[in-house]
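Here is what each chain is made of, one letter per residue.
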Amino acid sequence: MAIQTVSSRWTFLSKIILPFLWTILFGGFTLVVWLSPLQDIQEPLSPLSAKLILSSFFISMLGLFYLFFMRNLWVGLDDEHIYVSNYFKSVKYSYGSLEHFEESNLFLFSRVTLHFKEKGQFGKSVSFIRSHYWKYYLEKHPDLLQFLLQLNEAKTKK
């Protein structure tokens, strides 16, 4: 029973590396701008408004990183279990603990959200950026695909 990774290889980069680099580089730049007097800025911006605009851009980008990337987790599947990791801790779930799943397209990538019956280590739902192995794995395991479709069908009937 080999574990098949169904989350994207970009998960680590988008979850850890990009937000870390953004925080260090652009946060450092924002700090330098706040510590400098900016006396040479001309109209229409005052030094304070330029600092506030830069700070709001920095914070809003951190918010976008959180909404779109930092909540994504690594997900692997085998015949009996779902493996979920945030790169610091890993959890194994059974397929029976699933309530339903959702797939949504977000511009350049697709996100899959697995909803569980009970709250686990990562909450009641787990999201991941879908790789091409997600559909490949479901095609190779039609019984799992049928099970997931039945879960979604039961959810829509409620």
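Our structure's up above, just so we're on the same page.
Since the model is a prediction, treat every value here as computed from it, not as a measurement.

(A) The arrangement of the overall build of the protein in detail. Per the secondary structure count, the protein includes 4 helices and 7 strands. Counted from the first residue to the last, the protein has its helices and strands arranged as β-α-α-β-β-β-β-β-β-α-α. Computed over C-alpha atoms, the radius of gyration of the protein comes to 21 Å, more than 25% over the 15 Å expected from 2.2 N^0.38 for 158 residues, which places it beyond the range of a compact globule. In terms of its C-alpha atoms, the protein occupies a principal-axis envelope of roughly 70 × 35 × 25 Å. Per-residue burial for the protein yields a buried fraction of 37% across its 158 residues. About 10200 Å² of surface is accessible on the protein, with carbon and sulfur atoms providing 64% of the total. The averaged location of the 12 negative side-chain charges in the protein is 3 Å from the averaged location of its 16 positive side-chain charges.

(B) Examining the pattern of salt bridges more closely. This model, assessed by the stated rule, comprises 1 salt bridge. Measuring nitrogen to oxygen at the nearest pair gives 3.1 Å for the salt bridge that ties E103 to R130. Placement of the pair is E103 in strand 5 (residues 98-106) and R130 in the loop between strand 7 (123-129) and helix 3 (132-140), with a sequence separation of 27 residues.

(C) Molecular detail of helix 4 (residues 142-157). In this model helix 4 runs 22 Å from its N-terminal to its C-terminal C-alpha over 16 residues, within 8% of the 22 Å that 1.5 Å per residue would give. Listed as buried for helix 4 are L144, L148, L151 and N152. Projected down its long axis, helix 4 shows its buried positions confined to an angular sector of 90 degrees, all on one face. For helix 4, the exposed residues set more than 90 degrees away from the buried face come down to P142, D143, T156 and K157. The inward-facing, buried residues of helix 4 contact strand 2 (74-77), strand 5 and helix 3.

(D) Just the packing of helix 1 (residues 10-35) against helix 2 (residues 47-70), in detail. Orientation of helix 1 relative to helix 2, taken along the N-to-C sense of each, is 170 degrees, at an axis distance of 10 Å. On the basis of their axis angle, the class for helix 1 and helix 2 is roughly antiparallel. Note on element contacts: helix 2 touches helix 1 through L48, K51, L52, L54, S55, F57, F58, M61, L62, F65, F69 and M70, opposite S14, K15, L18, P19, W22, T23, F26, G27, F29, T30, V33 and W34. Per-class residue counts for the contact of helix 1 with helix 2 are 17 nonpolar, 5 polar and 2 charged.

(E) Quick peek at the sheet that holds strand 5. Taken in spatial order, the 3 strands line up as 5-6-7 in an open sheet, and their pairing is antiparallel. Two strands bound the open sheet, and with one partner strand each, they are strand 5 and strand 7. Each neighbouring strand pair of the sheet contributes to a mean axis angle of 20 degrees, computed without reference to strand direction. Two strands pair when backbone bridges link them, and strand 5 and strand 6 (residues 109-120) are joined in this way by 8 bridges, in the antiparallel orientation. Counted as the bridge partner of E103 is V112 from strand 6. Against the sheet, helix 2 contacts strand 5, strand 6 and strand 7, and its axis sits at roughly 80 degrees relative to strand 6.

Each value, and the rule that gives it
- Residues numbered from 1 in each chain as written.
- Predicted model: local features only at pLDDT ≥ 70, side-chain atom pairs only at ≥ 80, totals over all residues.
- Heavy atoms only, no water.
- Helix = DSSP H or I, 4+ residues; strand = E, 2+ residues; numbered from the N terminus.
- Rg over C-alpha atoms; globule rule 2.2 N^0.38 Å.
- Buried < 20%, exposed > 50% of the residue type's maximum accessible area, 1.4 Å probe, protein only.
- Areas by Shrake-Rupley, 256 points an atom, 1.4 Å probe, with all protein chains shown as cover.
- Lys, Arg positive; Asp, Glu negative; His and termini not counted.
- Charge placed at Lys NZ, Arg CZ, Asp CG, Glu CD.
- Salt bridge = Lys/Arg side-chain N within 4 Å of Asp/Glu carboxyl O.
- Expected span 1.5 Å × (residues − 1).
- Arc of directions from axis to C-beta.
- Contact = heavy atoms within 4.5 Å.
- Axes fitted to C-alpha atoms, helices over the stretch in contact; angles between N-to-C directions.
- Parallel < 35°, antiparallel > 145°, perpendicular 65-115°, else oblique.
- Nonpolar A, V, L, I, M, F, W, Y, C, P; charged D, E, K, R; others polar.
- Pairing = 2+ DSSP bridges.

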